[in-house]
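A closer look at the structure
Next come the chains, spelled out residue by residue.
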Amino acid sequence: MHSTPPSPQRWDGSRVYVRARRSLRVSNDSASRLLRCGQSDRCRDCGNRIEWYHRTNARPIRLHPHELPAERVPATCQWHVSCGVAHPSGDGSGWCRLPHVRLCPARHDLPAVPELAGLRRALAVNTRRLIDSGAFVPPPTRPNTAAPPMATCRPTRPVVQLLYIRYLANRPVDEIQCVAQTRRRRRCTSPLLTAETQAGVWTLVPVPTRHGQLSLAGTVMAVYALTGLPYAEQLRWRAQRCPEHAAIPTAADVAVTEWESFDPLIHHEHIHTRLPTLTRRQAPGSRNRKATRP
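In this report, we go over the structure that sits alongside the text.

What counts as what
Residues numbered from 1 in each chain as written. Predicted model: local features only at pLDDT ≥ 70, side-chain atom pairs only at ≥ 80, totals over all residues. Heavy atoms only, no water. Buried < 20%, exposed > 50% of the residue type's maximum accessible area, 1.4 Å probe, protein only. Helix = DSSP H or I, 4+ residues; strand = E, 2+ residues; numbered from the N terminus. Pairing = 2+ DSSP bridges. Core = buried A, V, L, I, M, F, W, Y, C linked by side-chain atoms within 4.5 Å. Contact = heavy atoms within 4.5 Å. Salt bridge = Lys/Arg side-chain N within 4 Å of Asp/Glu carboxyl O.

1. Describing the pairing of strand 12 (residues 220-225)
Across the 6 residues of strand 12, 5 count as buried, placing the element largely inside the fold. Of the pairings in the sheet, the one linking strand 9 (residues 159-162) to strand 12 comprises 2 bridges and is parallel in character. From the neighbouring strand, V160 faces strand 12, where its bridge partner is Y224. Strand direction decides the pairing type here: strand 11 (residues 201-206) and strand 12, joined by 6 bridges, are antiparallel. Looking at the pairing, T203 lines up with V223 of strand 12.

As C-alpha cells, then:
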C-alpha cells in the first residue's frame, strides 16, 4: 500500500502549488447568458479569446483569459482582478493577468516585450489556424495597389450622442451589433442601423470640457447625433438591440454593451474635426495610406 506524500502547505492550509484559477462561466441552464465581469469574447483583430473587465474608472479593458506566473511577466504588464474590477498591478500572489493588447499578433504599434514573445507567437499560430479553418475572418484591409482616386473618411470608433450623452463606440456606426441572445443561444448578428430604422445625423459640435480643463477656442468634433430620434429609439440604441429584439424585452443579453463614456482627454485620438460624409481626393503619393480619420 502506497501512501501519497502530503503536498506542501502554507500556514493557512492552502497548497503552495495551485493550478491557475478558472474564469467565471454561465451555466447552460441559466436564464441569463450575461456576466457583468469576465465576459468572454474574441478579439476582432486576431480572433483569440479575451475577457472583458472594467477598471476603477469604469473603462473596459480586454484581458488574456488565463492567469500567468507573475515571475514570467514584467511588473509593468501585470494586472489583477479583485471583486470583478481590473487593477493595473500585481496582487502579491504568484499569478497575474495580462492585457490582451500586449499579446495581440495583429498589433504592431506597441513595443515588443521579450518575456512575452513565446506566448505572442503561440497566439499568432492560433490565429493562422482559425483563419485556415474558416472560424475567423480578419478585418478587411485596403490593398496597397489600385486605390480609388476618391476616399471616404470613416471613423473606426465614432463618437455617438444619444440621450444628450456622448459615447465612444467600439466600431463604425453601421457595424454596431445587437447584444441579444437568439433562439440558438448565440449572439444576434443584426446591426442596430438597418434600412427600416431612422438614421442619425453627422454634425460638428464643440469639444466638451471635463475635469476643469479650459476649452480650446474654435475646436469642433464630428459627432453622430441621435438626439433627433424618438425617445424609444434612443433607448434601443443605448441598450444596443436590433429592432426585432427591442420588441422582445424577455430576451437575455449575451454580451455587454460596447458604449464607453466619452472623455476628451482620454479619447483625444478619436476626435475628428471633419465630417465623415465628405469625400476627398487623395494625393498621388498617398494612395497606399489608409484614410482612417476625417
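2. Some words on the nonpolar core
Counting 14 residues, the largest nonpolar core has V160, L162, I176, Y224, L226, W237 and W259 as its most contacted members. Looking at this core, the elements that each hand over two or more residues are strand 9 and strand 12. Excluding anything up to four places from it in sequence, W259 contacts V160, L162, Y167, L168, A169, I176, W237, R238 and Q240. Judged by nonpolar contacts, the second largest core, of 10 residues, contains L68, V73, C77 and L98.

3. What to know about the pattern of salt bridges
One pass over the full model with this rule turns up 8 salt bridges. Ionic pairing is found between E258 and R187, a salt bridge with its closest N-O pair at 3.5 Å. Here E258, found in the loop between helix 3 (243-246) and strand 13 (260-261), pairs with R187, found in the loop between strand 10 (165-168) and strand 11; they are 71 residues apart in sequence, far enough to count as distant. In this structure, R241 and D253 form a salt bridge, with 2.7 Å as the shortest nitrogen-oxygen distance. In this pair, R241 is assigned in the loop between helix 2 (231-239) and helix 3 and D253 in the loop between helix 3 and strand 13, connecting sequence segments 12 residues apart.

Interpretation note: all reported values are geometric properties and have no functional meaning in isolation.
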